[in-house]
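Geometric and topological summary
Each chain, written out:
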Amino acid sequence: ALGYRKQLSNGEVEGDYNFVKYGQLYELCENFSKNVEINKLVEERTYDDESGKWKILGIFARNCLEWVVTDVAMQMNDITTVTFYSTLGSDSFDHIFKQTEVN
């Protein structure tokens, strides 16, 4: 399902890819999804525009296995993810935070 290379301590990445099978990916996502719900890590919010109730979680990370697991796990819980990248700059961060009131 997914191939990735581990990052080494010197900032380089391994030459060989590690692979995660679909069943393994599902198990990782399901476990994370359940822990988010059990520990109530994402609050439900209502916005002024009467668009209903939303659960939103921000992800600030490079593209990696953990990013995919987090995104899929949130989808399993009907939680919307908002992605932040370091290349966006501080003005974009401020705008996105204000728009979404993200956790």
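This write-up is about the structure you can find in this document. If you're wondering where the values come from, they're calculated on a predicted model, not measured in any experiment.

**Quick word on the overall build of the protein**
Regarding its fold elements, the protein presents 3 helices and 5 strands. Seen in sequence order, the protein has helices and strands lined up from the N terminus as β-β-α-β-β-α-β-α. Its C-alpha atoms give the protein a radius of gyration of 16 Å, more than 25% over the compact-globule value 13 Å for 103 residues. Counting across all 103 residues of the protein, residues that qualify as buried make up 25%. In the protein, the proportion of contacts linking residues at least 24 apart, taken out of those at least 6 apart, comes to 45%. If you sum the accessible surface of the protein, you get close to 7600 Å²; carbon and sulfur atoms cover 49% of it. Each charge sign in the protein was given a centre, from 10 positive and 17 negative side chains, and these centres are 5 Å apart.

**Observations concerning the pattern of salt bridges**
Evaluated as defined, the whole model comprises 3 salt bridges. In this structure, the salt-bridge partner of E37 is K55, at a minimum N-O distance of 3.5 Å. With E37 in helix α1 (residues 22–38) and K55 in strand β4 (residues 53–60), this residue pair connects regions lying 18 residues apart in the sequence. Of the residues examined, E37 reaches a relative accessible area of 36% and is grouped as partly exposed. Its salt-bridge partner being E101, residue R45 comes within 3.3 Å of it at the nearest N-O pair. One end of the pair, R45, is in strand β3 (residues 44–46); the other, E101, is in the segment after α3 (90–100), with 56 residues separating them in the sequence. A relative accessible area of 39% means that E101 is categorised as partly exposed.

About the criteria used
- Residues numbered from 1 in each chain as written.
- Predicted model: local features only at pLDDT ≥ 70, side-chain atom pairs only at ≥ 80, totals over all residues.
- Heavy atoms only, no water.
- Helix = DSSP H or I, 4+ residues; strand = E, 2+ residues; numbered from the N terminus.
- Rg over C-alpha atoms; globule rule 2.2 N^0.38 Å.
- Buried < 20%, exposed > 50% of the residue type's maximum accessible area, 1.4 Å probe, protein only.
- Contact = heavy atoms within 4.5 Å.
- Areas by Shrake-Rupley, 256 points an atom, 1.4 Å probe, with all protein chains shown as cover.
- Lys, Arg positive; Asp, Glu negative; His and termini not counted.
- Charge placed at Lys NZ, Arg CZ, Asp CG, Glu CD.
- Salt bridge = Lys/Arg side-chain N within 4 Å of Asp/Glu carboxyl O.

Keep in mind these numbers describe shape, not what the thing actually does.
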